[in-house]
Amino acid sequence: MQINTTSFVSAPLTIAVVGLGKIGLPLAVQYARHGQRVIGCDINQEVVDNLNAGRSHIQEESELATDVPRLIRAGFFSATTSTQAAVCEAQVVVVIVPVAIDAEHVVNTAHIDAASRAIGDALQPGTLVIYETTLPVGTTSRHLRQLLEQTSQLQAGKDFYLAYSPERVSSGSVFHDLRMYPKVVGGIDAASTERAITFYRSVLDAEIIAMASTDEAEFVKLIETTYRDVNIALANEYACYADMHQLNVHAAIAAANTQPYSHIHTPGVGVGGHCIPVYPYFLFSNPLDHAQPGLADTAHTMLTLPRQARQINDGMAEYTIQRLEEVVGPLYQQSVLLLGVAYRGDVRETAFTSARLLQAALRYRDAIVYADDVFFNEDELKELGYTALPAGYEDRITAVILQCDHRAYHHFNFSPFSRCQVVLDGRHALRRAEIEAAGMHYLSIGDGTTLAVKNDNAQRLAKKTVS
Ligand SMILES: NC(=O)c1ccc[n+]([C@@H]2O[C@H](COP(=O)([O-])OP(=O)(O)OC[C@H]3O[C@@H](n4cnc5c(N)ncnc54)[C@H](O)[C@@H]3O)[C@@H](O)[C@H]2O)c1
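This one's a predicted model, so the numbers in the text were calculated from it and none came from an experiment.

Quick notes on the rules
- Residues numbered from 1 in each chain as written.
- Predicted model: local features only at pLDDT ≥ 70, side-chain atom pairs only at ≥ 80, totals over all residues.
- Heavy atoms only, no water.
- Helix = DSSP H or I, 4+ residues; strand = E, 2+ residues; numbered from the N terminus.
- Buried < 20%, exposed > 50% of the residue type's maximum accessible area, 1.4 Å probe, protein only.
- Contact = heavy atoms within 4.5 Å.
- Areas by Shrake-Rupley, 256 points an atom, 1.4 Å probe, with all protein chains shown as cover.
- Lys, Arg positive; Asp, Glu negative; His and termini not counted.
- Charge placed at Lys NZ, Arg CZ, Asp CG, Glu CD.
- Domains from an automatic or database assignment.
- Buried area = accessible area lost by both parts, 1.4 Å probe.
- Salt bridge = Lys/Arg side-chain N within 4 Å of Asp/Glu carboxyl O.
- Polar contact = N/O pair within 3.5 Å; in protein donor to acceptor, adjacent residues only side chain to side chain.
- Nonpolar A, V, L, I, M, F, W, Y, C, P; charged D, E, K, R; others polar.
- Phe/Tyr/Trp six-rings, centres within 6.5 Å; stacked < 30°, edge-to-face > 60°.
- UniProt positions renumbered as here; feature names shortened; annotations may be inferred.
- Pairing = 2+ DSSP bridges.
- Axes fitted to C-alpha atoms, helices over the stretch in contact; angles between N-to-C directions.
- 1 Å grid on protein atoms, 1.4 Å probe; cavity = no way out; pocket = protein on both sides within 12 Å on 5 of 7 lines; lining within 4 Å.
- Points joined across faces, edges and corners; volume = space filled by probe spheres on them.
- Core = buried A, V, L, I, M, F, W, Y, C linked by side-chain atoms within 4.5 Å.
- pLDDT = per-residue confidence, 0-100.
- Near = heavy atom within 4 Å.

1. Things to note about the overall build of the protein
Link 1 in the chain: A tally of helices and strands in the protein yields 19 helices and 15 strands.
Link 2 in the chain: When its C-alpha atoms are laid out on the principal axes, the protein stretches across 95 × 50 × 40 Å.
Link 3 in the chain: The burial tally for the protein puts 52% of its 467 residues in the buried class.
Link 4 in the chain: By sequence separation, contacts in the protein at least 24 residues apart represent 72% of the contacts at least 6 residues apart.
Link 5 in the chain: A total accessible area of about 21,200 Å² is found for the protein, and carbon and sulfur atoms account for 53% of it.
Link 6 in the chain: Here the protein carries 36 positive and 51 negative side-chain charges, and the mean point of each set is 3 Å from the other.

Here it is as structure tokens:
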């Protein structure tokens, strides 16, 4: 390997960060804050122009508004659409462009492939390339390595270093998470691991955990995200059990979790977002496994729990609608309002939101579905495939489902919904007393009240019939 180790450790580095999105931009700023020279690369010209003018396009991390202009002015940070130009100058390349799944749950690596080809085009001997995007196991050591080697005509492990280190932060708390969560690092060989650790020591304050390989480091991220999906599925099954036995699952889970080994998450109407409902598919639909004769069949019989968890969590939309029907009867031509289409509270993002499954389950019954979200206007809702509730239509609504717990909904004014019979609190975030005071039934997933509500309705109906 042709590289001067001393200069790598002691001199300021030039780092190319490829992908300047919600995670890439904070990473670039984190490195620049540590005195390194960072060149950010993005295919979006507007993003690059804004950054070079000192404007951050990422609102989720408030510190960026002051740090971006300061670091640009001081010459520690600049942005470009030419990944090749940045990589030519860089000793370290960090890649953080998205890998997602399509509607059929097939892993789509188009963005990271394009980024890798651009990096390979300009890769210099001795450079350290680190992937941070969440990836199916084996992607760095096989697929991406091959792309880099083909385009650069260099050999990983001989001419350049190659490592993987999953980004474990959450959008909205990136700088905090970078300080708090240990950095997991694995290289394709010992020298790559060591070099990546040296790099991260120069730009992070967190503990660093060395893994045996890039594959093992990739596995870590899939384990931690899939754990949460499986955990929520268990919580959802407990919720269904609680409904069946007229128990309150929220009280029961809270009490169970006072035992330090119990960490049950919160049940609800479904799981959305870029990560939790997506990364389980990286485990059981890994394209690299499917390309290997024999392995695909074996892989198919494994990981049954994550597969079931996905089904349980996606099935909660149907369960939710069935609970509504227990109170209001058939939903044919009934108007239902979805409160919140974002995938979680207080974010303006809809990736894999449960709102889409709830809407599908309602439309399957020929219900009329309206949506509201404080983060999206009428046109944006339309663009996303929802119909905003027209002004004055409140009194047509039979049922309301709280899909996401934006803080703005915690004290939602239900009084104009004069014919609404039931509010289903899908995130256990509303105040039951306020809803009941407005004359509506309150339901939440796992509150065990369904049968009680049914009996209550039957009694009221019987009284009406007798009188
Ligand atoms: N968003 C999160 O909360 C989160 C949390 C942990 C880890 N991650 C990881 O970070 C990855 C990126 O997520 P994000 O939220 O930053 O995505 P994002 O959509 O906010 O940003 C991605 C950026 O990459 C750019 N890009 C796409 N293709 C490119 C290419 N070929 N070359 C250069 N730039 C390119 C896009 O223009 C965009 O600006 C995810 O796939 C995931 O693995 C995300």
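Following the structure, the description resumes.
2. Concerning the domain arrangement of the protein
Link 1 in the chain: Domain annotation of the protein identifies domain 1 (12-213) and domain 2 (228-467).
Link 2 in the chain: With centres defined by C-alpha atoms, the gap from domain 1 to domain 2 works out at 36 Å.
Link 3 in the chain: Here domain 1 meets domain 2 over a buried area of about 1,200 Å², counting both sides, of which 64% is carbon and sulfur.
Link 4 in the chain: Counting the surface domain 1 buries against domain 2, the share from its top three residues, I101, H105 and R142, is 38%.
Link 5 in the chain: Scanning the region where domain 1 abuts domain 2 turns up zero salt bridges.
Link 6 in the chain: Where domain 1 touches domain 2, the interface holds two residue pairs in polar contact (both at pLDDT 80 or more).
Link 7 in the chain: Sort the elements by how many residues they give to the side of domain 1 that touches domain 2 and helix α7 (residues 139-152) lands first, with three residues.
Link 8 in the chain: Counted by class, the side of domain 1 that touches domain 2 contains seven nonpolar, six polar and three charged residues.

3. Some points on the packing of aromatic side chains
Link 1 in the chain: Under the definition given, this model contains nine aromatic pairs.
Link 2 in the chain: When the ring of Y370 is compared with that of Y393, the centres are 5.9 Å apart and the planes differ by 90°; the resulting orientation is edge-to-face. Of this pair, Y370 sits in strand β12 (residues 368-372) while Y393 sits in the loop between α17 (378-383) and β13 (397-402); the two residues are 23 residues apart in sequence, bridging distant segments of the chain.
Link 3 in the chain: With relative accessibility at 24%, the residue Y393 sits in the partly exposed group.
Link 4 in the chain: Centroid distance Y409 to F412: 5.8 Å. Interplanar angle 80°. Geometry classified as edge-to-face.
Link 5 in the chain: These aromatic residues form a ring-pair network of at least three members: Y409, F412, F414 and F417.

4. As for the UniProt feature "domain: UDP-glucose/GDP-mannose dehydrogenase C-terminal" (unreviewed entry) in the protein
Link 1 in the chain: Using the residue numbers shown here, the UniProt feature "domain: UDP-glucose/GDP-mannose dehydrogenase C-terminal" (unreviewed entry) corresponds to residues 337-432.
Link 2 in the chain: Taken end to end, residues 337-432 has its terminal C-alpha atoms 18 Å apart, with 19% of it in helix and 19% in strand.

5. Some remarks on the sheet that holds β12
Link 1 in the chain: Overall, parallel pairing links the five strands, which are arranged β12-β11-β13-β14-β15 in an open sheet. The open sheet has two edge strands with one neighbour each: β12 and β15 (441-444). Averaged over all adjacent pairs, the angle separating strand axes in this sheet is 20°, with direction ignored.
Link 2 in the chain: As paired strands, β13 and strand β14 (residues 422-425) are joined by four bridges and run parallel to one another. For I401, the partnering residue across the bridge sits in β14 and is L424.
Link 3 in the chain: Packed onto the sheet, helix α15 (residues 304-328) meets β11 (335-339), β13, β14 and β15 and runs at close to 155° relative to β14.

6. Observations concerning empty space enclosed by the protein
Link 1 in the chain: Throughout the structure, instances matching the rule amount to two cavities of 30 Å³ or more.
Link 2 in the chain: Taken as a whole, the largest cavity encloses approximately 60 Å³ of empty space.
Link 3 in the chain: The calculated volume of the second largest cavity comes to roughly 30 Å³.
Link 4 in the chain: Around the second largest cavity sit Y409, H410, H411, F412, F414, L430, R431, E434 and I435, which together line it.
Link 5 in the chain: Of the residues assigned to the lining of the second largest cavity, the class counts are five nonpolar, two polar and two charged.

7. Observations regarding the nonpolar core
Link 1 in the chain: If you look at the biggest cluster of nonpolar residues, it comprises 42 residues, and the most contacted ones within it are I15, Y31, F77, V92, L128, F199 and Y200.
Link 2 in the chain: Formed by 40 residues, the second largest nonpolar core is a distinct cluster that contains V18, V87, A122 and L144.

8. Concerning the confidence of the model for the protein
Link 1 in the chain: Residues of the protein with pLDDT of at least 70 account for 94%, and the chain-wide mean is 93.
Link 2 in the chain: This model gives residues 2-6 a pLDDT under 50, and the stretch forms six contacts once residues within four places in sequence are excluded.

9. A word on the site of the ligand
Link 1 in the chain: Taken together, 21 residues are adjacent to the ligand, and K22, I23, D42, T134 and V169 come closest.
Link 2 in the chain: Take S171: an N or O atom from its main chain is 3.2 Å from an oxygen atom of the ligand.
Link 3 in the chain: Relative to its unbound accessible surface of 840 Å², the ligand loses 86% to contact with the protein.

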